[in-house]
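# Structural overview
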Amino acid sequence: MVAPEETTGAAAPLGKAMTEASSPAATTTPTPTVALRQRRRVWSWLRVVFAAVTFALALRIVAFEAYRIPSTSMEDTLLIGDFVLVSKVHYGARVLGARLPGLSAPARGDVIVFNYPPSPEAEIARRLPYIKRVVGLPGDTLTIRDKQVQIGATALGGPVSGRSLWEVRGRLPLRETLDSLGISRRVQQIGQGAWAVSSTTLQAAALARVPGVESVDPYVRPGGDGSASFPLAQRYSLDNYGPVVVPRRGLEVALTDDTWPVVRPVIERFEGRTAERTAGAFLIDGQPAESYTFGQDYFFVLGDSRDDSADSRTWGFVPFDHVIGKAVVVYFSWDAASSSARWERTGKTVSP
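Our subject in this report is the structure included herewith.

So, how was this worked out
- Residues numbered from 1 in each chain as written.
- Predicted model: local features only at pLDDT ≥ 70, side-chain atom pairs only at ≥ 80, totals over all residues.
- Heavy atoms only, no water.
- Helix = DSSP H or I, 4+ residues; strand = E, 2+ residues; numbered from the N terminus.
- Buried < 20%, exposed > 50% of the residue type's maximum accessible area, 1.4 Å probe, protein only.
- 1 Å grid on protein atoms, 1.4 Å probe; cavity = no way out; pocket = protein on both sides within 12 Å on 5 of 7 lines; lining within 4 Å.
- Points joined across faces, edges and corners; volume = space filled by probe spheres on them.
- Nonpolar A, V, L, I, M, F, W, Y, C, P; charged D, E, K, R; others polar.
- Contact = heavy atoms within 4.5 Å.
- Phe/Tyr/Trp six-rings, centres within 6.5 Å; stacked < 30°, edge-to-face > 60°.
- Lys NZ or Arg CZ within 6 Å of the ring centre and 35° of its normal.
- Salt bridge = Lys/Arg side-chain N within 4 Å of Asp/Glu carboxyl O.

Along the chain, Glu75 connects to Asp76 via a cis peptide bond; the corresponding omega equals -5°. Counting through the fold element by element, Asp76 comes out in the loop between β1 (64-68) and β2 (82-87). Cis geometry marks the peptide bond from Gly242 to Pro243, where omega comes out at 15°. With respect to the helices, strands and loops of the structure, Pro243 is situated in strand β14 (residues 241-245). Here Ser339, not a glycine, exhibits a phi torsion of approximately 50°, which is positive. Relative to the helices and strands, Ser339 is located in the loop between β22 (323-335) and β23 (340-341). By relative accessible area, Ser339 is classed as exposed at 52%.

Dropping the structure here:
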């Protein structure tokens, strides 16, 4: 009678002990500490931040980059304080000294960002970025006559929103009237009853209708005044320029006294060759040459405010390896004079 009770009483503790000892939760899964959970959370956030930074950097290198407009040379298409998004996808991004395939080549009328060609910086990518409009394509023969740009015998229309100087004769309107027309920033008297005024074509037409104004005509510099310093030997005018042939890859040009002022700086600055004129010959890399074949494409660019722009008339052509991308949209604009945003310009496309 006693044995079964002893047996039952002895078996219960043993069974309980075996059950506790065999529990996986009790022997193999320690509870994470607070410090460990915090470290895991920090590493998780660091991975997210690293991935975001890497993606943003890759996007900046191969797709888009932002630039701020610092000068008046593209007014009124682009204003000082405009922040412009530039597409590298259009022409192909420059990566490690090579250019990725792009959607197209720069076209006439495109507004492009490029590294300043005459810069003394040896590395192209470290040269100051400039922004201008393409008017001359590789192989074009470009001329400017009385401010009118011509490609061959074809006249090009100017940018609708671009500014230029106009000669106003008669009685100059009051400041309030000029302010209302948006043309009061640059007005200079050039003679008795004559003023040079900077405005768009539409503003000039409105000014001509103001009582007391007798005439409003383009202000044209005479040819040969040397206001255009490229090529230096020709002493062209900003308003009467050329003709010049825009170099293109594979184009062979005869070396003559007429072509040498245009060809030599291109060969020396951008083609990686030496060029010298002696009494009896033209020398390329020290060897006599009668012609030269260009190794890449070049572009002739102008600012939209063509009387207030240092561009190809001043320092020459833009090599394709200097081109960064195409300006596509104004994503923000800040007016420093009034310390306020120009919200109406946000989202404005950079049009031809």
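Here we take up the layout of surface pockets. For the largest pocket, the calculated volume is near 590 Å³. Looking at the largest pocket, it is lined by 20 residues, and the ones nearest its centre are Lys88, Arg94, Val95, Asn115 and Ala125. Elements represented by at least two residues in the lining of the largest pocket include exactly α3 (34-62), β1, β3 (94-95), β4 (98-99) and β22. Here the residues of the lining of the largest pocket are counted per class, giving 10 nonpolar, two polar and eight charged. If you add up the space inside the second largest pocket, you get close to 410 Å³. At the level of elements, β8 (148-151) and β10 (164-170) are the ones that each hand at least two residues to the lining of the second largest pocket. Here the lining of the second largest pocket takes three residues from β10, the largest share from any one element. Split into classes, the residues belonging to the lining of the second largest pocket amount to nine nonpolar, six polar and eight charged.

Turning next to the environment of Gly152. Secondary-structure assignment places Gly152 in the loop between β8 and β9 (154-155). For Gly152, a relative accessible area of 42% gives the class partly exposed.

Our focus in this paragraph is helix α6 (residues 260-270). The complete set of buried residues in α6 reads Trp260, Val262, Val263, Pro265, Val266, Ile267 and Phe270. Gly272, located one to two residues past α6, shows a positive phi value of around 70°.

The topology assignment puts Gly81 in the loop between β1 and β2. In this structure the C-alpha to C-alpha distance between Gly81 and Phe332, which are 251 residues apart in sequence, comes to 8.4 Å. Not counting chain neighbours up to four residues away, the residues in contact with Gly81 comprise Ile69, Phe332, Ser333, Trp334 and Arg342.

This paragraph deals with the packing of aromatic side chains. Within the structure shown, the criterion is met by 17 aromatic pairs. Seen from their ring centres, Phe230 and Phe317 are 5.4 Å apart, and the 80° between their planes marks the pair as edge-to-face. With Phe230 in the loop between β13 (213-218) and β14 and Phe317 in the loop between α7 (312-315) and β21 (318-319), this pair connects stretches of sequence that are 87 residues apart. With a centroid separation of 5.5 Å and an interplanar angle of 80°, the aromatic rings of Tyr292 and Phe294 are classed as edge-to-face. Side by side, Tyr292 and Phe294 carry an identical accessibility label, which is buried. Among the aromatic side chains, those forming a connected cluster through ring pairs are Phe230, Tyr236, Tyr241, Phe300 and Phe317. When the ring centre of Phe320 is taken as reference, the NZ or CZ atom of Arg99 above it lies at 4.1 Å. The ring of Phe282 is capped by Arg277, whose NZ or CZ atom sits 4.2 Å from the centre of that ring.

It is worth spelling out the side chain of Arg313 at this point. Locating Arg313 in the fold gives a position in helix α7. With residues near it in sequence (within four places) discarded, Arg313 still touches Ile144, Ala228, Ser229, Phe230, Leu238, Tyr241, Phe300, Leu302 and Arg306.

A few words now on the pattern of salt bridges. The tally for this structure, following the rule as stated, stands at 18 salt bridges. Residue Arg163 is joined to Asp76 by a salt bridge in which the shortest nitrogen-to-oxygen separation is 2.8 Å. Within this pair, whereas Arg163 is found in the loop between β9 and β10, its partner Asp76 is found in the loop between β1 and β2, the two being separated by 87 residues in sequence. Residue classification places Arg163 among the buried residues on the basis of a relative accessible area of 4%. Between Asp307 and Arg221 there is a salt bridge, and its shortest N-O distance comes to 2.6 Å.

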